[in-house]
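Working through the structure, step by step
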There are 2 protein chains.
Amino acid sequence: MQLFFNPNITTETTQITFEKEESKHIVRVLRKKEGDMLHITNGKGFLFFAEISIPNDKKCVAVITRFEEKKRNRDYYLHVAIAPTKNNDRLEWFLEKATEIGIDEITPIICENSERKVVKIERLSKIVQSAMKQSLQFTIPKLNNPIKFSEFINQDFNSELFIAHCEEGTDKHFLKNSITPKSNYTILIGPEGDFSTGEIKESLSNNFKPISLGENRLRTETAGLNVVQSISFVHQ
Amino acid sequence: MQLFFNPNITTETTQITFEKEESKHIVRVLRKKEGDMLHITNGKGFLFFAEISIPNDKKCVAVITRFEEKKRNRDYYLHVAIAPTKNNDRLEWFLEKATEIGIDEITPIICENSERKVVKIERLSKIVQSAMKQSLQFTIPKLNNPIKFSEFINQDFNSELFIAHCEEGTDKHFLKNSITPKSNYTILIGPEGDFSTGEIKESLSNNFKPISLGENRLRTETAGLNVVQSISFVHQ
């Protein structure tokens, strides 16, 4: 099954017109004809069935025949705030994999040791979209704009707060022993150079609990996926 | 700490000469001088301390002053047999991440639906090496040559056997409910087109238990890392 994404469709929508690129894909690549059915999600928990009425490769039109609500059956909410990696591919890789496995919200955080301070959100959201489609999910993770570390941690959170830093000393616990299942989690993942001592102090005084992800020194994106996978595993 | 890798060093070795590329890296890039210390692992659980005696950028020589045994503190053995992905990057990515998080043995398996049947083992082993160094580990995962699916599953195994396939019907359990902790595991991960019905049948009759990795449709490399991460998490 091939899944399409259109955030603007609602349960009221009767017909949709695909933009140029997708029209070309549908008509030229997938060779869809009039009367063929398409599966479309709006990323808000709905699957729409649409019948192609005009198989135009620049402006393909389809009529929505029915829809199904596809509630995400997940009993937790995971928000990962992660420092952009120096190498863009690594952050993009994290976004793809985290979306495949299951994440609800992602915020790029700019830290003292961040070598990259600029992030192309449009490009990142495209990656999240295609990972959602590819893994046949119907709810799209929320991708926030980049924000400075201290601005981020000084928000009001309604979740369990964790920071995965590499500094010795502070008394860390494994994630599995730190979380309450079926809860909301906000987890901080640092840049290549780790969080600064000041950032760690500030996060702890903001009630973030330090966690350990194991013995090995993990890359930023690996640490990020590690927590996504671990939280998912706990709730299986 | 920067870790170097040289599989030929033993506890008897008194001095080592680095090959051209590494010599250049040590002397030109890292600007190491005579008397500077290097950390080297042989990938067999040992860390060697070596003092540079000849900082030659084509043929750097170092004298081993002492060594420490660095037993891998892991109470399980994980062997993942995975079908090469159509896009090489994805298999390489799996190797890097699996090594970072912790895996003991990897075998590329050629399946009926494998679009890629040729694998460059030299390139893959370089990726495993740098991931081991980067994550500061001292034991290198065993990377086997590619082997045909049925040849692989018809070996004698001394481990718990699992197959992660996507076919409906067969009664699957989550990995977490299927494994005995602190054991040996051999887990099969299929190609983009999944294992064939014949391969699934054959594996089941060879005592491989079908497992589910969750609701979402995962890419081959994501499924592979999923099991590596899950097994690691169980043993934290």
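Rules used in this analysis
- Residues numbered from 1 in each chain as written.
- Chains lettered and ligands numbered in written order.
- Predicted model: local features only at pLDDT ≥ 70, side-chain atom pairs only at ≥ 80, totals over all residues.
- Heavy atoms only, no water.
- Helix = DSSP H or I, 4+ residues; strand = E, 2+ residues; numbered from the N terminus.
- Contact = heavy atoms within 4.5 Å.
- Areas by Shrake-Rupley, 256 points an atom, 1.4 Å probe, with all protein chains shown as cover.
- Lys, Arg positive; Asp, Glu negative; His and termini not counted.
- Charge placed at Lys NZ, Arg CZ, Asp CG, Glu CD.
- pLDDT = per-residue confidence, 0-100.
- Pairing = 2+ DSSP bridges.

**Quick word on the overall build of chain A**
Within chain A one finds 7 helices and 13 strands. Projecting the C-alpha coordinates of chain A onto the three principal axes gives extents of approximately 65 × 35 × 30 Å. Taking the intrachain contacts of chain A between residues at least 6 apart in sequence as the baseline, contacts between residues at least 24 apart amount to 75%. Summed over all atoms, the accessible surface of chain A reaches about 11200 Å², with 47% contributed by carbon and sulfur. Charge separation in chain A, taken as the distance between the mean sites of 32 positive and 32 negative side-chain charges, equals 6 Å.

**Quick look at the confidence of the model for chain A**
Per-chain confidence: chain A averages 94 in pLDDT, with 100% of residues scoring 70 or above. Overall fold confidence (pTM) sits at 0.88, and the ipTM for the predicted complex is 0.82.

**Side note on the environment of Ser230(A)**
Tracing the chain through its elements places Ser230(A) in helix 7 (residues 220–234). Expressed as a C-alpha distance, the spacing of Ser230(A) and Leu213(A), which sit 17 residues apart in the sequence, is 9.5 Å. When sequence neighbours within four positions are dropped, the list of residues in contact with Ser230(A) reads Leu175(A), Gln229(B) and Phe233(B).

**Some words on the pairing of strand 13 (residues 209–212) of chain A**
All names here are of chain A. As defined by bridge partners, strand 10 (residues 160–164) adjoins strand 13 across 2 bridges and the pair is classed as parallel. Counted as the bridge partner of Ile 163 is Pro 210 from strand 13. With 2 bridges connecting them, strand 11 (residues 173–174) and strand 13 associate as parallel partners. Considered in strand 13, the bridge of Phe 174 is made with Ser 212.

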